[in-house]
Every structure is written in structure tokens, then in C-alpha cells.
Amino acid sequence: MRILSFDSSAKSASVAIVEDNKIIGSSFINTNITHSQTLVPMTEQLLSNTNLTINDVDALAVSVGPGSFTGVRIGVSVVKGIAMPLSLPCIAVSTLESMAYNYMENDCIIASVMDARCNQVYNGLFKFKNGEIERLCEDRAVSIIDLENELKEYNQKVILIGDGAQLCYETFGNKYDNIYLAPENIRYQNAVGVAFAAFNKETVSAEKIMPTYLRLPQAQRELKKRLENEK
């Protein structure tokens, strides 16, 4: 199965083509350029560089969140726009789960973390076991303090990965001998991980691919708070 995958859930953006767990090609940028300006050109260039066309792709996969509200929507919209005219099957992947596929090492806990602001992170915990990623908890928004209290109970190696990893490591990780920061080259969410995570998931039609948010957008949270204060 040949999967064309996308991630635009945070500052970085990436596109990849993976076939039967073999990476055919990938493109990654980590700039302030709007994802709506980068994803489609990256996709076209990647297909050209691998001598493929969209008709050579069996399915599309995309990280549907958690993450940047705008970034996730752009990624999902791009996938819908490509998939619908061709009736290509699609696969929705958790951003946090996809990051766990960046670091597959036995006997370690992978803590995927994304900065959710307000002293919170989006987090998922995973373990690489018997050649597969085992999910230890559902995706969630938790305080950094609560995450520290949970992770310090583990006796084995803990790897912090994601765009919130540096924040967590500087806040509490360097206090513990078993908590490590993932190397820079594999720290961020990447479309390659999205593709690897997609292989064990069912496909759906493009119409059913929707963003997954763990919190309301900030503007809606502020409106809700204001309305509650006015009561």
C-alpha cells in the first residue's frame, strides 16, 4: 500500500510517501510560512521527485490533531481537496501517535507533547513493544505539573518528543535521570510518522475526515469565560 501523508499540526509542515513501511520520499520545513502556501507545492514537488503521480497513490493520511487549530484545518482541507475528486480513501491519524513513530526503542516510554499554552500540553503516552507502538493513554490536554507527577513514577527510560518537549524538559525533565529529550532531528511531528501510524488504521471517505480538538479555540474560550462572568 502506497500512502501519501501530511502533517501541518504545528509550526512545521511535512509531506511523505511511504510504501509498505518503506520511505519513498519526504519533504519537511520548519518556518513561519503559512501552511496553505506550502503543503500543495511540497506535494507536487515530492510527487515529481519520486516520479509518481497522484494516481499512483493508494490512500492519503493526515494528522487530524491535536495541534494548531489553523494548521490542522489546513492539512485536513488539503487532503479533502485532493481526495474527493479521485475518491481516494483517507486515514485520520492522531498527531501525538504519529510522533511516537519517530522514536521506536524497546523498554522506553514515549511522551508525545505539544505546547498547548497556559501551562498545558497536549499529551499522549506510548510504548514500543513487540515491534509495535502500544498506546498507554488517550490523547489529552494536561497541565505540565500533572504530566511531571505522572512521568516521575516510571522506572524505565522516558523520551519527550514533539514541539513541547523542550518546554517540558526545561521545566521538569532535567531533574530526573530517566527522562530524556528526543534528538532534534526526530523531535518534531512529521508526515513519515503519520504514514507509519496509518498502516494499522481503517480508511474512510474524504468527507469523514475531520479535525480533532482537545480544547476550544482561544477566542471561543475567552468568549465562553466572558459570558459566564456576565451571568
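Bear in mind that the values here come from a model prediction, so they are computed numbers and not experimental data.

(A) Inspection of the nonpolar core at higher detail. If you look at the biggest cluster of nonpolar residues, it comprises 32 residues, and the most contacted ones within it are Ile91, Ile110 and Ile133. Breaking this core down by element, the ones donating at least two residues are strand S2 (13–19), strand S4 (59–63), strand S5 (90–93), helix H3 (95–100), strand S6 (108–117), strand S7 (120–129), strand S10 (157–161) and helix H6 (191–198). Ranked by the residues each element gives to this core, the list is headed by H6, at seven residues. Leave out the neighbours within four places in its chain, and isoleucine 91 touches Met1, Ile3, Ala59, Leu60, Ala61, Val62, Ala198, Lys201, Glu202, Thr203 and Ile209. Within the second largest apolar cluster, 24 residues are counted, among which are Leu4, Ile74, Ala83 and Leu88.

(B) Geometry of the packing of aromatic side chains. Tallying each qualifying case throughout the model produces one aromatic pair. Measuring from ring centre to ring centre gives 4.8 Å for phenylalanine 69 and tyrosine 213, while their planes differ by 50 degrees; the resulting arrangement is tilted. Separated by 144 residues along the polypeptide, phenylalanine 69 in helix H2 (residues 69–86) and tyrosine 213 in the loop between H6 and helix H7 (218–230) bring together distant segments of the chain. Seen from the ring of tyrosine 180, lysine 157 lies directly overhead, with NZ or CZ sitting 5.3 Å from the centre.

(C) Main features of the environment of leucine 151. Mapping leucine 151 onto the fold places it in helix H4 (residues 144–151). On the basis of relative accessible area, leucine 151 is assigned to the buried category, the value being 0%. Linking leucine 151 and isoleucine 179, residues 28 residues apart in sequence, is a C-alpha distance of 8.3 Å. Setting aside chain neighbours within four positions, we find leucine 151 in contact with Ala111, Leu125, Val158, Leu160, Phe172 and Ile179.

(D) How the structure looks around the pairing of strand S9 (residues 140–143). What you see with S9 is a clean split: Arg140 and Val142 sit on the buried side and Ala141 and Ser143 on the side with no burial. Two elements, S7 and S9, share four bridges in a ladder whose sense is antiparallel. Note that in S9 the partner of glutamine 120 across the bridge is serine 143.

(E) Summary view of the pairing of S7. Counting buried positions along S7 gives seven out of ten residues, so the element sits mostly inside the fold. Of the pairings in the sheet, the one linking S6 to S7 comprises eight bridges and is antiparallel in character. Note that in S7 the partner of isoleucine 109 across the bridge is lysine 127. The antiparallel hairpin formed by S6 and S7 contains two residues in its connecting segment, where cysteine 118 sits at a positive phi of about 55 degrees. The pairing of S7 with strand S8 (residues 132–135) spans four bridges and is classified as antiparallel. By the bridge assignment for S8, phenylalanine 128 is matched with isoleucine 133. Counting the residues that bridge the hairpin from S7 to S8 gives two residues, and of these asparagine 130 lies at a positive phi of roughly 55 degrees.

(F) Layout of the pattern of salt bridges. Summed over the entire model, instances satisfying the criterion amount to nine salt bridges. When the shortest N-O distance is used, the salt bridge between lysine 201 and glutamate 97 registers 3.1 Å. You can see lysine 201 sitting in the loop between H6 and H7 and its partner glutamate 97 sitting in helix H3, a full 104 residues away along the chain. Look at lysine 201 and you get partly exposed, because its relative accessible area is 28%. A residue is classified by how much of its surface remains accessible, and glutamate 97, at 9% relative accessible area, is buried. Residues joined by salt bridges that share partners form a network here, namely Glu97, Arg135, Asp139 and Lys201.

Cut-offs used in this document
- Residues numbered from 1 in each chain as written.
- Predicted model: local features only at pLDDT ≥ 70, side-chain atom pairs only at ≥ 80, totals over all residues.
- Heavy atoms only, no water.
- Core = buried A, V, L, I, M, F, W, Y, C linked by side-chain atoms within 4.5 Å.
- Buried < 20%, exposed > 50% of the residue type's maximum accessible area, 1.4 Å probe, protein only.
- Helix = DSSP H or I, 4+ residues; strand = E, 2+ residues; numbered from the N terminus.
- Contact = heavy atoms within 4.5 Å.
- Phe/Tyr/Trp six-rings, centres within 6.5 Å; stacked < 30°, edge-to-face > 60°.
- Lys NZ or Arg CZ within 6 Å of the ring centre and 35° of its normal.
- Pairing = 2+ DSSP bridges.
- Salt bridge = Lys/Arg side-chain N within 4 Å of Asp/Glu carboxyl O.

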